[in-house]
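Secondary and tertiary structure notes
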Amino acid sequence: MLADLLIPFITIAIAEFGDKTQLSVLLLSTRTGRHLMLLTGVMSAFLIVDGFAILLGAWITEVVPANVLRIISAAIFLLFGITTLRDLDGDEEEGRTFDDSPLLSGFLVIFLAEWGDKTQIAAAIFATQYNPWMVLGGTMLALFMLSLSAIYLGRFILKYIKRRTITLAAGLIFMAMGVVLLLV
């Protein structure tokens with residue numbers, strides 16, 4: 001049961017660390033002193049987008065055989081790994097515009113950027129393998145910690161850890177998850 005929480009937490013935390021959405025949150029945080037409002041907007045959007053993906057993932061397990069889901073999940077993780085590694089030298093999207101409402105800005109940035117994102121799809125895949133409530137908890141905890149660090153410590157962290165290193169780690173972890181799913 002603990003694995004149902006920890007595996008999504010660790011994978012999502014590493015994959016999302018330094019991602020365009022976290023960089024957008026960092027940028028928004030530099031333009032407001034109302035960090036709690038920004039965090040509330042960001043987490044509300046993550047809950048809607050990733051919660052939807054987890055519900056969909058849990059529903060799919062009732063319709064599609066487990067062996068088929070495992071192979072599809074492995075292929076998706078391998079694809080994400082390859083895609084992430086291909087983007088090692090790519091520039092992440094610059095932060096979006098900020099308006100007078102940090103809550104609304106944070107919500108809209110995440111809500112619009114996360115649909116179809118690798119972490120949303122990974123959360124859906126995890127919901128096919130593990131308890132969906134634990135997956136939601138692990139996913140939201142990872143995204144909360146990352147968003148909080150982007151708001152308060154992001155600039156400091158990015159000075160010492162290169163985005164390339166973070167992207168490399170995320171790509172390799174996605175590929176490892178795909179291989180593990182194929183071998184299990």
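Here the structure is shown first, and the text comes after it.
The following refers to the structure shown. Values in this document were obtained by computation on a predicted structure and should not be read as measured data.

This part takes up the packing of helix α1 (residues 2-16) against helix α6 (residues 118-129). Look at α1 against α6: their axes get within 10 Å of each other, and the N-to-C directions meet at 170 degrees. The pairing of α1 with α6 is recorded here as roughly antiparallel in orientation. For the pair α1 and α6, the sense of crossing is right-handed. Across the interface between the two elements, Ile7, Pro8, Thr11, Ile12, Ala15 and Glu16 of α1 pack against Lys118, Thr119, Ala122, Ala123 and Phe126 of α6. Class assignment of the residues belonging to the contact of α1 with α6 gives a composition of seven nonpolar, two polar and two charged.

Turning to the environment of Leu5, a few remarks are in order. The residue Leu5 is located in helix α1 in this model. Since its relative accessible area comes to 22%, Leu5 is described here as partly exposed.

If you check α6, its first and last C-alpha atoms are 17 Å apart, about what 12 residues at 1.5 Å a residue would give, namely 16 Å. Most of α6 is tucked away: 10 of the 12 residues are buried. Residues Lys118, Thr119, Gln120, Ala122, Ala123, Ala124, Ile125, Phe126, Ala127 and Thr128 constitute the buried set of α6.

A separate point is the packing of aromatic side chains. Applying the stated criterion to the full structure yields two aromatic pairs. Ring plane angle 15 degrees and centroid distance 5.3 Å describe the contact between Phe107 and Phe111, whose orientation is recorded as stacked. On the criterion of helical spacing, the pair formed by Phe107 and Phe111 is a turn pair, its members being four residues apart in helix α5 (residues 102-114). Given a relative accessible area of 24%, Phe111 falls into the partly exposed group. Look at Phe126 and Tyr130: their rings are 6.1 Å apart centre to centre, the planes differ by 40 degrees, and that puts the pair in the tilted class.

The subject of this paragraph is the packing of helix α2 (residues 20-29) against helix α7 (residues 132-152). The N-to-C vectors of α2 and α7 enclose an angle of 40 degrees; their axes lie 7 Å apart at closest approach. When the axes of α2 and α7 are compared, the pair comes out oblique. Note on packing geometry: the crossing formed by α2 with α7 is right-handed. Residue-level contacts link Gln22, Val25, Leu26 and Ser29 of α2 to Leu146, Ser147, Ala150 and Ile151 of α7. Classifying every residue of the contact of α2 with α7 by side-chain character gives five nonpolar, three polar and no charged.

Thresholds applied
- Residues numbered from 1 in each chain as written.
- Predicted model: local features only at pLDDT ≥ 70, side-chain atom pairs only at ≥ 80, totals over all residues.
- Heavy atoms only, no water.
- Axes fitted to C-alpha atoms, helices over the stretch in contact; angles between N-to-C directions.
- Helix = DSSP H or I, 4+ residues; strand = E, 2+ residues; numbered from the N terminus.
- Parallel < 35°, antiparallel > 145°, perpendicular 65-115°, else oblique.
- Left-handed = near helix turned anticlockwise from the far one by under 90°.
- Contact = heavy atoms within 4.5 Å.
- Nonpolar A, V, L, I, M, F, W, Y, C, P; charged D, E, K, R; others polar.
- Buried < 20%, exposed > 50% of the residue type's maximum accessible area, 1.4 Å probe, protein only.
- Expected span 1.5 Å × (residues − 1).
- Phe/Tyr/Trp six-rings, centres within 6.5 Å; stacked < 30°, edge-to-face > 60°.

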